[in-house]
Amino acid sequence: MADGEGGMSTRFRRGDRVCVRRAHPPGHVRTPFYIRGHRGVVDSVAGDFADPEELAYGRDGLPRKTLYRVRFRQNELWPGYAGSADDSLVVDVYEHWLDPAEQKTEEAS
Amino acid sequence: MSEGHDHPHTHPHPNQPDIEDQPFEYYQVMVEAVGELLIDKGVFTAAELRKSIEQVDARSPADGARVVARAWLDPAYKGRLLADANAAAAELGIDAGAIPIQVVENTEDVHNVICCTLCSCYPRLLLGLPPDWYKARAYRSRIVREPRAVLEEFGTIIPDDVELRVHDSTADLRYMVLPKRPGGTDTLGEAELAALVTRDCMIGTAVVEA
Amino acid sequence: MQRHHDMGGLDAGPVERTEHDYAPWEKRVDAIMRLLTDKKRRVMTVDELRRNIEELGPGAYDEMSYYQRWMASIGNNLLEKGVIGVDELGRKMAEVEARWQTAREA
């Protein structure tokens, strides 16, 4: 998917290191608890969608929010993770839940 | 008349109203009542409701299996499937709906498994209704944290040198696994290949066996 | 605070793999939901379904089955939106029960 097409906000690109905000509002939140405060890498930009946090209350969810597929290392998410060091977890996270991580990687996206 | 029979209720389940000598189950009554009210109010017709019920039944993992078999036989199709699964399914006459489905490919290096920890999101239009366990606490809680242990409960062991990648469908994407084609299937045609592909292979808790 | 429906990573027992065939009433719930959320009607969204299920509270996961939670949520949503009224729903439910009771006794 091309970045920036049709006016979609693309704050992040594939390869960017991001951090999931550590916030805990009540209400209909689609960012799972287990990734909040954790760092991952943007795997892809999934497009933009009406905001489910607003749709949940019968509102129109506009303006649309950009959705990212963010990959996490399992051994960073879970203390004592029992599996391969390469194991990963991909979660679909909305842009407003992501901040740039403090350190950017040198890798090309 | 029905005899009193031993019927332990360890968890709620629907009672057929004409079989058991008990009060009618509350939500069974409610769905009947709500359906009738919505028809009375013209929200939908009785015929539309009947058709919608038929559509619930119409989808099964056989649709997903057809897509997998075609992808195994046709690398160009596989490329289109990975890029846009809804369009690729439509090529085979399968209406995969408007919600985008992302197919994730198992390779020598990566084994994928799908889940929805927050509720029960599932590629229903390719796989039919999800199994009970996919929607229940044990799978949803543990598949993200100890996927290899959960897969072992399914009899599936993924080697340590293969990355196990879990996909949590938290938003408007749905996922489906494109399993690896097993060896020893070179002589099989598309329908025979599709018959090997079970629902659990497309969730990622199983691998295809020849 | 980790809300009850937000289960990823919590401790749990083994996966119970027994499956059940969907009962007619469960398919009816699913079918009604598909109609209510379709483009022609847009009476409610799947987001509202989920939010209302979350608001049923933690006990709902222990005490109610999957489609019971769906039906409770759909009912609440329709009431909140004024698509149906509490009184008319109560009367219709009583009518359905009476009808079924008559059929059972026949």
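Residues numbered from 1 in each chain as written. Chains lettered and ligands numbered in written order. Predicted model: local features only at pLDDT ≥ 70, side-chain atom pairs only at ≥ 80, totals over all residues. Heavy atoms only, no water.

### Describing the pairing of strand β3 (residues 65-73) of chain A
All names here are of chain A. Our working rule: For two strands to be treated as a pair, DSSP must find at least two bridges joining them. Per the convention used, a helix needs a DSSP run of H or I reaching at least four residues, while a strand needs a run of E reaching at least two, with both numbered from the N terminus.
The sheet contact formed by strand β2 (residues 39-49) and β3 spans seven bridges and is antiparallel. Each bridged residue has a counterpart across the sheet, and for Asp 48 the counterpart in β3 is Thr 66. One ladder, built from seven bridges, connects β3 with strand β4 (residues 88-94); its direction is antiparallel. The residue bridging Arg 73 from the neighbouring strand is Ser 88, located in β4.

### Things to note about the nonpolar core
For clarity, the threshold we go by: Here, nonpolar core means buried Ala, Val, Leu, Ile, Met, Phe, Trp, Tyr and Cys residues that are tied together by side-chain atoms lying within 4.5 Å of each other. Burial classes: relative accessible area under 20% of the type maximum marks a residue as buried, over 50% as exposed, and values in between as partly exposed (1.4 Å probe, protein chains only). Pairs of residues are marked as contacts when any of their non-hydrogen atoms sit within 4.5 Å.
Counting residues in each nonpolar core, the largest one holds 80 residues, and the members touching the most others are B:Tyr139 and B:Ile143. The dominant element in this core, judged by the number of residues it contributes, is helix α3 (residues 61-73) of chain B, at six residues. If near-sequence neighbours (up to four positions away) are discounted, B:Tyr139 is found in contact with B:Val113, B:Ile114, B:Cys115, B:Trp133, B:Tyr134, B:Val150, B:Ile203, B:Thr205 and C:Val15. Residues B:Phe24, B:Val34, C:Val29 and C:Val96 belong to the second largest nonpolar core, which totals 43 residues.

### Focus: the interface of chain C and chain A
The condition is simple: The term buried area refers to how much accessible surface (probe radius 1.4 Å) is lost by two components on association, counted for both of them together. Whenever Lys or Arg places a side-chain nitrogen within 4 Å of a carboxyl oxygen from Asp or Glu, that contact is recorded as a salt bridge. Any pair of nitrogen or oxygen atoms within 3.5 Å is treated as a polar contact; in protein, a donor-acceptor pairing is required on top of that, and neighbouring residues in sequence qualify only through side-chain atoms on both sides. Gly falls in the polar group here, along with every residue not listed as nonpolar (Ala, Val, Leu, Ile, Met, Phe, Trp, Tyr, Cys, Pro) or charged (Asp, Glu, Lys, Arg).
The interface is formed by 13 residues belonging to chain C together with 15 residues belonging to chain A. Together, C:Asp6, C:Asp47 and C:Arg51 form the three largest contributors to the area buried by chain C at its contact with chain A, with a combined 37%. Counting across the chain C and chain A interface gives one salt bridge. For the salt bridge of C:Asp6 with A:Arg36, the shortest nitrogen-to-oxygen distance reads 3.8 Å. Summed over the shared surface of chain C and chain A, the number is five residue pairs in polar contact (both at pLDDT 80 or more). Grouping the amino acids of the side of chain C that touches chain A by side-chain chemistry returns one nonpolar, four polar and eight charged.

### Points about empty space enclosed by the protein
Our working definition: Using a grid of 1 Å spacing that covers the protein atoms alone, one calls a set of points a cavity when a 1.4 Å probe fits there but cannot get out, and a pocket when the set is open and has protein on both sides within 12 Å along at least five of seven lines; lining residues are those with an atom within 4 Å of a point. Grid points are joined across faces, edges and corners, and a volume is the space filled by probe spheres set on the points.
Enumeration over the complete set of coordinates arrives at three cavities of 30 Å³ or more. The space that makes up the largest cavity amounts to roughly 70 Å³. If you go around the largest cavity, the residues you meet are A:Pro25, A:Gly27, A:Val29, A:Phe33, A:Arg36, C:Met1, C:Gln2, C:Arg3, C:His5 and C:Asp6. When its residues are assigned to classes, the lining of the largest cavity shows four nonpolar, three polar and three charged.

### Focus on the interface of chain C and chain B
Many structure descriptions define interface size as the accessible area lost when the parts assemble. Facing 61 residues of chain C, the contacting portion of chain B comprises 60 residues. Approximately 5800 Å² of surface area, both sides summed, lies buried where chain C meets chain B, with 60% of it carried by carbon and sulfur atoms. The tally of links from chain C across to chain B stands at 12 salt bridges. Across the pair C:Asp11 and B:Arg145 runs a salt bridge, and its minimum N-O distance is 3.5 Å. The interface formed by chain C and chain B includes 25 residue pairs in polar contact (both at pLDDT 80 or more). Secondary structure elements with two or more residues in the side of chain C that touches chain B: α1 (24-36), α3 (59-63), α4 (66-81) and α5 (86-105) of chain C. A total of 12 residues in the side of chain C that touches chain B trace back to one element, the largest contributor, which is α1(C). Looking at the side of chain C that touches chain B, its residues break down into 29 nonpolar, 10 polar and 22 charged.

### Structural notes on the confidence of the model for chain A
Put simply, the rule is: By definition, pLDDT measures how confident the predictor is in each residue, and it falls between 0 and 100.
Across chain A, the average pLDDT comes to 90, with 88% of residues at or above 70. The low-confidence segment residues 104-109 of chain A, where pLDDT is below 50, has five contacts with residues more than four positions distant or belonging to other chains.

### Re unusual backbone geometry
Note the cis peptide between A:Leu62 and A:Pro63, where omega equals 0°. Residue placement: A:Pro63 occurs in the loop between α1 (52-55) and β3. Phi angles above zero are rare outside glycine, and C:Arg42 is one such case at about 45°. By the secondary structure assignment, C:Arg42 is in the loop between α1 and α2 (46-55).

### With respect to the environment of A:Arg11
All names here are of chain A. For Arg 11, the position within the fold is in the segment before β1 (17-20). Along the primary structure Arg 11 and Trp 78 are separated by 67 residues, whereas in three dimensions their C-alpha atoms are 28 Å apart. Engagement of the side chain of Arg 11 in a polar contact is seen with the backbone oxygen of Leu 98, the distance being 2.9 Å.

### Examining the environment of C:His5
Secondary-structure assignment places C:His5 in the segment before α1. C:His5 sits 78 residues away from C:Val83 along the chain, and the two C-alpha atoms are 27 Å apart.

### Here's the deal with the packing of α3(B) against helix α4 (residues 75-83) of chain B
Residues and elements named next belong to chain B. Going by this rule: Orientation is described by lines fitted to C-alpha atoms, with helices fitted over the stretch in contact, and by angles between N-to-C directions that extend from 0 to 180 degrees. Angular relationships are summarised with four words: roughly parallel below 35 degrees, roughly antiparallel beyond 145, roughly perpendicular across 65 to 115, and oblique for the angles in between. Left-handed is the label given to a crossing in which the near helix is rotated counterclockwise from the far helix by less than a right angle, and right-handed is the label when the rotation is clockwise.
The geometry of α3 relative to α4 is characterised by a closest axis approach of 5 Å and an angle of 130° between their N-to-C directions. Considered as vectors, α3 and α4 are oriented oblique to each other. For the pair α3 and α4, the crossing hand works out as left-handed. Across from Val 67, Arg 70, Ala 71 and Leu 73 in α3, the residues of α4 making contact are Pro 75, Tyr 77, Lys 78 and Leu 81. When grouped by side-chain class, the residues that make up the contact of α3 with α4 number six nonpolar, no polar and two charged.

### A closer look at the sheet that holds strand β3 (residues 163-168) of chain B
The strand order β5(A)-β1(A)-β2(A)-β3(A)-β4(A)-β3(B)-β2(B) describes an open sheet built from seven strands, whose pairing is mixed. Each edge of the sheet is formed by a strand with only one pairing partner; in this case those strands are β5 (98-100) of chain A together with β2 (110-115) of chain B. Taken over all neighbouring pairs, the strand axes of this sheet differ in orientation by 35° on average, direction set aside. As paired strands, β2(B) and β3(B) are joined by six bridges and run parallel to one another. Within the sheet, the bridge partner assigned to B:Val110 lies in β3(B) and is B:Glu163.

### Quick word on the state of the cysteines
Note on terminology: a disulfide is the covalent bond linking the sulfur atoms of two cysteines. Residue and element names in this part refer to chain B. The test is simple: Whenever a pair of cysteine sulfur atoms sits within 2.5 Å, that pair is classed as a disulfide.
Applying the stated criterion across every chain yields a total of zero disulfides over all chains. Free cysteine Cys 121: the closest other cysteine sulfur is in Cys 116, separated by 3.5 Å. Residue Cys 121 is classed as buried on the basis of its relative accessible area of 5%.

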